[in-house]
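Each chain, letter by letter, is given below.
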Amino acid sequence: MIIEEEIIDGVTYKKVIYEESDMATEAQKNAWMEVCNTCEYKQDDRCSYCGCWLTNIMSFATSTCPLDKW
C-alpha cells in the first residue's frame, strides 16, 4: 500500500494506492467464504456480528474475521 499525501490550501489530502500484493487471492477469498457460509452470523452478504459486507472485508490479504474464524 502506498499513501500519497498532498497539502492544498492548508488541507491535507491522502490518496491510498493498493498494490497487487495487498489484495487477497481468489483462493483465499473462497476459503474464507466457505467458513462464513457455515457461520450463524452470516446474513445474505453481511456479517450480523460486526456489520461488515463480506466481499469488502475479504478484498484485502491481511483481513481477519472479528470472531477469529479465519
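Residues numbered from 1 in each chain as written. Predicted model: local features only at pLDDT ≥ 70, side-chain atom pairs only at ≥ 80, totals over all residues. Heavy atoms only, no water.

K.L.:
I keep staring at the packing of aromatic side chains and nothing clicks. Help me out?
P.N.:
Under the counting rule described, the total for this entry stands at three aromatic pairs. A centroid spacing of 4.8 Å and a plane angle of 50 degrees characterise the contact between Tyr-18 and Phe-60, whose relative ring orientation is tilted. Here Phe-60 lies in the segment after α2 (54–57) and Tyr-18 lies in the loop between β2 (11–17) and α1 (26–37), a separation of 42 residues in the sequence. Residue classification places Tyr-18 among the partly exposed residues on the basis of a relative accessible area of 44%. For Phe-60, a relative accessible area of 27% corresponds to the partly exposed category. (Phe/Tyr/Trp six-rings, centres within 6.5 Å; stacked < 30°, edge-to-face > 60°. Helix = DSSP H or I, 4+ residues; strand = E, 2+ residues; numbered from the N terminus. Buried < 20%, exposed > 50% of the residue type's maximum accessible area, 1.4 Å probe, protein only.)

K.L.:
Hey, could you run me through the side chain of Ser-63 in this one?
P.N.:
Relative to the assigned elements, Ser-63 resides in the segment after α2. Its relative accessible area of 13% is what places Ser-63 among the buried residues. Only 2.4 Å separates the side chain of Ser-63 from the backbone oxygen of Ile-57, close enough to count as a polar contact. A distance of 3.0 Å separates the side chain of Ser-63 from the backbone oxygen of Phe-60, its partner in a polar contact. Not counting residues within four places of it along the chain, the set of residues in contact with Ser-63 comprises Trp-32, Ile-57 and Trp-70. (Polar contact = N/O pair within 3.5 Å; in protein donor to acceptor, adjacent residues only side chain to side chain. Contact = heavy atoms within 4.5 Å.)

K.L.:
Would you mind going over the state of the cysteines with me for this structure?
P.N.:
Among covalent bonds in proteins, the disulfide is the one between the sulfur atoms of two cysteines. Within this structure, the stated rule accounts for zero disulfides. In this structure Cys-39 is not part of a disulfide, and its nearest cysteine sulfur, from Cys-47, lies 6.1 Å away. Free cysteine Cys-65: the closest other cysteine sulfur is in Cys-36, separated by 6.1 Å. Judged by relative accessible area, which is 10%, Cys-65 ranks as buried. (Disulfide = S-S within 2.5 Å.)

K.L.:
For this particular structure, what's the right way to read the pattern of salt bridges?
P.N.:
One side chain can pair with another of opposite charge once the charged atoms of both are near each other. Applying the stated criterion across every chain, the model contains three salt bridges. The partner of Lys-29 in a salt bridge is Glu-26, with the nearest N and O atoms 3.0 Å apart. One end of the pair, Lys-29, and the other, Glu-26, are both in helix α1, three residues apart, so they sit about a helical turn from each other. Residue classification places Lys-29 among the partly exposed residues on the basis of a relative accessible area of 23%. (Salt bridge = Lys/Arg side-chain N within 4 Å of Asp/Glu carboxyl O.)

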